[in-house]
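The residues making up each chain are set out below.
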Amino acid sequence: MLARPSPFGHPLVASAAARVLSHCVRVRRDRQPCLIASTLFLTAFAILIGMLLPWRASYQVTVAQAAAPGASSSFIFQGIGMVALPVSLIDITTIRWIFRGKVSADRSYD
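Residues numbered from 1 in each chain as written. Predicted model: local features only at pLDDT ≥ 70, side-chain atom pairs only at ≥ 80, totals over all residues. Heavy atoms only, no water.

Draft legend 1. Here's a closer look at the overall build of the protein. Counting its secondary structure elements, the protein contains 4 helices and 0 strands. In the protein, the order of α-helices and β-strands from amino to carboxyl end is α-α-α-α. Partitioning the contacts of the protein with sequence separation of at least 6, the portion at a separation of at least 24 is 50%. Roughly 9900 Å² of accessible area belongs to the protein as shown, and the carbon and sulfur atoms make up 69% of that amount. (Helix = DSSP H or I, 4+ residues; strand = E, 2+ residues; numbered from the N terminus. Contact = heavy atoms within 4.5 Å. Areas by Shrake-Rupley, 256 points an atom, 1.4 Å probe, with all protein chains shown as cover.)

And the structure:
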């Protein structure tokens with residue numbers, strides 16, 4: 001067994017997902033390409049993490065030792081929870097309110 005994890009299986013999953021994605025697009029399936037594209041993105045992200053992990057994290061350091069001090073973590077958590085999340089929700093709600101009723105199911109680009 002290897003001392004460090006290696007991402008050898010991830011490229012196989014990514015290439016299989018890419019092949020299935022191209023097949024689904026060619027035969028014009030509607031729902032599957034989104035799920036397969038998400039799988040392709042997640043495997044690409046897993047490959048990136050697997051390649052960079054040995055140089056970013058030492059196996060002698062625990063997560064608790066590598067974490068930021070409590071005050072910094074609390075500040076970031078409160079900044080995201082009290083500022084970024086409400087701003088995002090307001091933005092999404094506003095956009096949905098502006099474009100409500102503008103799209104109908106019977107209209108298409110074809």
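Draft legend 2. Quick look at a nonpolar patch on the surface. Where nonpolar side chains cluster on the molecular surface, the patch consists of Phe41, Leu42, Phe45, Leu48, Ile49, Met51 and Leu52 and spans about 700 Å² of accessible area. Tracing the sequence through the fold places leucine 42 in helix α2 (residues 32–56). Judged by its relative accessible area of 55%, leucine 42 is exposed. (Patch = residues over 30% accessible without salt bridge, like charges linked within 9 Å, V, L, I, M, F, W, Y side chains within 5 Å. Salt bridge = Lys/Arg side-chain N within 4 Å of Asp/Glu carboxyl O. Buried < 20%, exposed > 50% of the residue type's maximum accessible area, 1.4 Å probe, protein only.)

Draft legend 3. Expanded view of helix α4 (residues 70–98). Under the 1.5 Å per step criterion, the end-to-end length of α4 is 41 Å for 29 residues, consistent within 8% with the ideal 42 Å. At isoleucine 80, α4 shows its largest bend, some 30 degrees. (Expected span 1.5 Å × (residues − 1). Bend = angle between axes of the 7 residues up to and from the residue.)

Draft legend 4. Region of the structure containing the packing of aromatic side chains. One pass over the structure, following the stated rule, counts 1 aromatic pair. Consider the rings of phenylalanine 41 and phenylalanine 45, whose centres lie 6.3 Å apart with planes at 15 degrees: the pair is stacked. You can see phenylalanine 41 and its partner phenylalanine 45 sitting in helix α2, 4 residues apart, about one turn around the helix. Phenylalanine 41 sits in the exposed class, given a relative accessible area of 57%. By relative accessible area, phenylalanine 45 is classed as partly exposed at 42%. Sitting over the face of the ring of tryptophan 97, arginine 100 holds its NZ or CZ atom 3.9 Å from the ring centroid. (Phe/Tyr/Trp six-rings, centres within 6.5 Å; stacked < 30°, edge-to-face > 60°. Lys NZ or Arg CZ within 6 Å of the ring centre and 35° of its normal.)

Draft legend 5. A look at the environment of isoleucine 36. By the element assignment, isoleucine 36 lies in helix α2. Through-space distance from the C-alpha of isoleucine 36 to that of alanine 18 is 7.8 Å; in sequence the pair is 18 residues apart.

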